[in-house]
Amino acid sequence: MEHLQKAFVFDIRVRRDVDERFPASGIKVIATDIREGIVYQANGVKVTAFLVDHGPVKPAFGYRVEYRQHSVVLSGDTRPSENLVKFAKGADLLIHEVGARSKQDPIFTGPPDELLPNSRATRRQAKTVLDHHTDPLEAGRVFAMVKPKLAVFSHYPGRSATILTLVRQTYDGPFEFGEDGMTIDVGDTINIRRLPVPGK
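Please read all numbers here as calculations on a predicted model, not as lab measurements.

### Notes on the overall build of the chain
At step 1: Helices and strands together make up the secondary structure of the chain, namely six helices and nine strands.
At step 2: Reported as C-alpha extents along the three principal axes, the dimensions of the chain are approximately 55 × 50 × 45 Å.
At step 3: Counting over 200 residues, the chain shows a buried share of 34%.
At step 4: For the chain, the proportion of contacts with a sequence separation of at least 24, taken over those separated by at least 6, is 49%.
At step 5: Surface summary for the chain: the accessible area is close to 12,800 Å², and the carbon and sulfur share equals 55%.

### Thoughts on the pattern of salt bridges
A side chain with one charge can pair with a side chain of the opposite charge if their charged atoms come near.
At step 1: Under the defined criterion, the tally for this structure stands at 15 salt bridges.
At step 2: K103 is the salt-bridge partner of E138, the closest N and O atoms lying 3.0 Å from each other. Here E138, found in helix 5 (residues 136–146), pairs with K103, found in the loop between strand 5 (93–97) and helix 4 (123–131); they are 35 residues apart in sequence, far enough to count as distant. Of the two residues examined, E138 and K103, each falls in the buried class.
At step 3: A salt bridge links R123 to E114; the shortest N-O distance between them is 2.8 Å.

### What to know about the sheet that holds strand 5
At step 1: An order of 1-2-3-4-5-6-7 is seen for the seven strands of this open sheet, with the pairing classed as mixed. For this open sheet the edge positions go to strand 1 (37–42) and strand 7 (175–177), each flanked by a neighbour on one side alone. Direction aside, neighbouring strands of the sheet carry axes that sit 15° apart on average.
At step 2: Of the pairings in the sheet, the one linking strand 1 to strand 2 (residues 45–51) comprises five bridges and is antiparallel in character.

### Examining the pairing of strand 4 (residues 70–74)
At step 1: Counting buried residues along strand 4, four of its five residues qualify, which places the element largely inside the surrounding structure.
At step 2: When strand 3 (residues 61–67) meets strand 4, the two strands line up antiparallel, connected through five bridges. The residue of strand 4 that forms the bridge with E66 is S71.
At step 3: In this structure, the hairpin formed by strand 3 and strand 4 is closed by a connection of two residues, where R68 is found at a positive phi of approximately 50°.
At step 4: In this structure, strand 4 lies alongside strand 5, joined through three bridges in parallel fashion. Looking at strand 5, one finds that V72 is bridged to L93.
At step 5: The handedness of the strand 4 to strand 5 crossover, carried by helix 3 (residues 82–88), is right-handed.

### Looking at the nonpolar core
At step 1: Judged by nonpolar contacts, the single largest core of 22 residues is most densely connected at L94, F143, F153 and F175.
At step 2: Not counting residues within four places of it along the chain, the set of residues in contact with F143 comprises L94, H96, P148, A151, F153 and Y171.

### Examining the packing of aromatic side chains
At step 1: Across all of its chains, the model carries eight aromatic pairs by this definition.
At step 2: With 4.9 Å between their ring centres and 5° between their planes, F50 and F87 make a pair best called stacked. Separated by 37 residues along the polypeptide, F50 in strand 2 and F87 in helix 3 bring together distant segments of the chain. Neither residue differs from the other here; F50 and F87 are each classed as buried.
At step 3: With a centroid separation of 5.2 Å and an interplanar angle of 65°, the aromatic rings of F143 and Y171 are classed as edge-to-face. Taken together, the residues span a long stretch of sequence, with F143 in helix 5 and Y171 in the loop between helix 6 (161–168) and strand 7 at a distance of 28 residues. When sorted by exposure, F143 lands in the same class as Y171, which is buried.
At step 4: What links up through ring pairs into an aromatic cluster is the set F143, F153, Y156, Y171, F175 and F177.
At step 5: The ring of F108 carries K127 above its face, with NZ or CZ at 5.9 Å from the centroid.

About the criteria used
- Within any chain, residue numbers begin from 1 and follow the written order of that chain's sequence.
- Given that this is a predicted model, residues contribute local features only at a pLDDT of at least 70 and side-chain atom pairs are listed and counted only at 80 or more, while totals for whole chains, interfaces and linings are drawn from all residues.
- Based on all heavy atoms of the structure, the side-chain values leave hydrogens and waters out of the count.
- Strands here are runs of E lasting at least two residues and helices are runs of H or I lasting at least four, both read from the DSSP assignment and numbered beginning at the N terminus.
- Summary of the burial criterion: residues with accessible area below 20% of their type's maximum are buried, those above 50% are exposed, and those between are partly exposed, where the area comes from a 1.4 Å probe applied to protein chains only.
- Residue contacts are counted whenever heavy atoms from the two residues lie within 4.5 Å of one another.
- We get accessible surface area from the Shrake-Rupley algorithm with a probe of 1.4 Å; when it comes to residues, only the shown protein chains can shield them.
- Any Lys or Arg side-chain nitrogen located within 4 Å of an Asp or Glu carboxyl oxygen qualifies as a salt bridge.
- Paired strands are those between which DSSP finds at least two bridges.
- Comment: axis = line fitted to C-alpha atoms, over the contacting stretch for helices; angle = value between 0 and 180 degrees taken between N-to-C directions.
- Handedness rule for crossovers: strands pointing away from the viewer, path from the first strand over the helix to the second running clockwise, crossover right-handed.
- For our purposes a nonpolar core is just a set of buried Ala, Val, Leu, Ile, Met, Phe, Trp, Tyr and Cys residues, chained together by side-chain atoms within 4.5 Å.
- Any pair of Phe, Tyr and Trp rings, taking the six-membered ring for Trp, is counted once the centres come within 6.5 Å. Such a pair is stacked with planes under 30 degrees apart, edge-to-face with planes over 60 apart, and tilted for the rest.
- Remark: a charge is flagged as sitting over a ring if the NZ atom of Lys or the CZ atom of Arg is within 6 Å of the ring centre and within 35 degrees of the ring normal.

And the structure:
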């Protein structure tokens, strides 16, 4: 957080001292470093952080939020993680990241430094990034182990039939692609509300 404030020092100064003249207290940051375990507990809400495997990015956390015997688990960025499966068991809702391609996609066969079609990334670069994320086949396996009432994809590169087909090879339960403005009510039943599409 100290480095983030340094990155925005010019903008902070302009907004505080020149243009809007916002009070200095408005940019005060109260940050708390966390470890695996309960990171928040108040008013019946409990948030537990747990370590996930995001390759070279350490530490990386997922979160389990519990309230009134219901739970939502957020994977964060991760490749398949036994710890995530452990903390997600019994969750009403599992929100999990996913990549666009299988790690076994034939597109990764060929010269590693050649650009992928319609991309500025080489095979090596794309594979390196994908290696510390979860591909659709792996996500399906995670869902099958966790058995959430609903699985939702976040951090995906675009809704695609390919993702759906790959997930369905290993998971036949309920899942959705997360969307901006989507509301998911978690209770005895799970209800999804989407923002109305303009013009429809």
